Amino acid sequence: MPEMPEVQGLTAFLGGRAVGRTITRATVAAIAALKTYDPPISALQGAEITTSARLGKFVVLSCGDDLHLVFHLAKAGWLRWYDALPATLIKPGKSPIALRIAFDDGSGFDLTEAGTKKSLAVYVVRDVQDVPGIARLGPDPLAPGFTRDAFAALLTDRRMQIKGLLRDQAVIAGIGNAYSDEILHAAKMSPYAIAGKLDDAEVDRLFAAMQETLTDAVAEASGKPPADLKDAKRRGMQVHARRGETCPVCGDTVRSVFFADRSLEYCPTCQTGGKVLADRRLSRLLK
């Protein structure tokens, strides 16, 4: 799933390629992906892209102040850019393409989604706060005003496991499964630690790990075209999706805990005092 660093890379790329261009055609190939009907998708035709921005994991392409194309790539979505958009017709249901946007210079992009579970979401709105997922977003962890004390306040009295809290978009915007694994590894913290029980030193360590991990990942994504962002993300991972490999910090073996639709990865030596987590959703440390 694309998370904050990759989405930031996409918005920066679109800022350089799409801003200033006029949309000549917007074609929806997967009807279920379009979540709004007013304004209609046809309202984008003839509109000029004025800004490209990120809100959490959402990409926002604005056409002035009162028309916005917003999309969320979900688990298996991606953006495919073309300097010369293909002239072939899109056959609904016959390709992974969900949306095609054409610009006045012949360039454009497709939003694609792999797999059978379709979660990619596209919105055309007058106000970005009309998108339910955006209206619910918590603070951005790299925003200038998001301090250590602001982070600590979010943790106070929370009974959630810290892994789940970091992934909760209503608490903190932009972090998903992959970067929460990386942040917790850098902080040397169990994914099952209870957020509200962390002491000051643990909060300090977790906040520093979050800032450093995300800042480095955003820098790595900066300037890369969409086709290179996924590989850049994979190369930067220390534990996520590296089950069975050697932890680069201590040399222990990276382990996984599997859930119904995802897994988490961690290093026992770095994060759980050498103990292996049981492979079930609500496991406790094995005795």
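Everything numeric in this text was worked out from a predicted model, so none of it was measured. (Residues numbered from 1 in each chain as written. Predicted model: local features only at pLDDT ≥ 70, side-chain atom pairs only at ≥ 80, totals over all residues. Heavy atoms only, no water.)

Okay, the pattern of salt bridges next. Going through the model one piece at a time under the given rule, you end up with 15 salt bridges. Between Arg17 and Asp83 there is a salt bridge; the shortest N-O distance is 3.1 Å. Linking Arg17 in helix H1 (residues 4-17) with Asp83 in the loop between strand E5 (77-82) and strand E6 (97-103), this pair joins segments that are 66 residues apart in sequence. On the accessibility criterion, Asp83 (58% relative accessible area) is exposed. One network of salt bridges, with partners in common, ties together Arg148, Asp149, Asp200 and Asp204. (Salt bridge = Lys/Arg side-chain N within 4 Å of Asp/Glu carboxyl O. Helix = DSSP H or I, 4+ residues; strand = E, 2+ residues; numbered from the N terminus. Buried < 20%, exposed > 50% of the residue type's maximum accessible area, 1.4 Å probe, protein only.)

We now examine the side chain of Thr36. The residue Thr36 is located in the loop between strand E1 (23-28) and strand E2 (51-55) in this model. Of note is the side chain of Thr36, whose polar atom sits 2.9 Å from the backbone nitrogen of Val124. With residues near it in sequence (within four places) discarded, Thr36 still touches Val122, Tyr123, Val124 and Val125. (Polar contact = N/O pair within 3.5 Å; in protein donor to acceptor, adjacent residues only side chain to side chain. Contact = heavy atoms within 4.5 Å.)

Moving on, we get to the packing of H1 against helix H6 (residues 200-221). One way to put it is that H1 packs onto H6 with a least axis distance of 8 Å and a crossing angle of 35 degrees. When you trace H1 past H6, the crossing you get is right-handed. Packed against H1, whose contacting residues are Met4, Pro5, Gln8 and Gly9, the element H6 presents Leu214, Ala217, Val218 and Ala221 at the interface. Its residues assigned to classes, the contact of H1 with H6 shows six nonpolar, two polar and no charged. (Axes fitted to C-alpha atoms, helices over the stretch in contact; angles between N-to-C directions. Left-handed = near helix turned anticlockwise from the far one by under 90°. Nonpolar A, V, L, I, M, F, W, Y, C, P; charged D, E, K, R; others polar.)

On to the nonpolar core, then. Counting 32 residues, the largest nonpolar core has Leu14, Leu69, Phe71, Phe109 and Leu111 as its most contacted members. Contributing elements (two or more residues each) for this core: H1, strand E3 (58-62), strand E4 (68-72), E5, E6, strand E7 (108-113) and strand E8 (121-125). When sequence neighbours within four positions are dropped, the list of residues in contact with Leu69 reads Leu44, Val59, Val60, Leu61, Leu99, Ile101, Phe109, Val122, Tyr123 and Val124. Core analysis: the next-biggest nonpolar cluster, separate from the first, contains 29 residues, Phe146, Ala152, Val171 and Ala209 among them. (Core = buried A, V, L, I, M, F, W, Y, C linked by side-chain atoms within 4.5 Å.)

This brings us to the packing of aromatic side chains. Evaluation of the coordinates by the stated rule reveals nine aromatic pairs. The rings of Phe13, Phe71, Trp81, Phe103 and Phe109 are connected pair by pair, giving a single aromatic cluster. (Phe/Tyr/Trp six-rings, centres within 6.5 Å; stacked < 30°, edge-to-face > 60°.)

Below, the discussion takes up the sheet that holds E3. In a beta sheet, neighbouring strands pair by backbone hydrogen bonds and run either parallel or antiparallel. Read across the open sheet, the four strands follow the order E2-E3-E4-E8; overall the sheet is antiparallel. The outermost strands of the open sheet, each flanked by one partner alone, are E2 and E8. Strand after strand, the sheet turns through a mean of 20 degrees between neighbouring axes, direction not considered. Pairing geometry for E2 and E3, over five bridges, is antiparallel. Bridge pairing in E3 links Ser52 to Leu61. Packed on one face of the sheet, H1 meets E2, E3 and E4 and runs near 175 degrees to E2. (Pairing = 2+ DSSP bridges.)

Our next topic: the pairing of E8. When you tally the buried positions in E8, you get five out of five residues, the bulk of the element. Bridge count between E4 and E8: five bridges; the pairing is antiparallel. Bridge pairing links Phe71 to Val122 in E8.

Let's shift gears to unusual backbone geometry. In this structure, Pro39 follows Asp38 across a cis peptide bond, with omega equal to 5 degrees. Positioned with a positive phi, Asp157 is a non-glycine residue whose angle comes to about 65 degrees. Structurally, Asp157 is set in the loop between helix H3 (148-155) and helix H4 (162-167). For Asp157, a relative accessible area of 70% gives the class exposed. Despite not being glycine, Lys188 shows a phi value in the positive range, around 55 degrees. Looking at where Lys188 falls in the secondary structure, it is placed in the loop between helix H5 (177-186) and H6.

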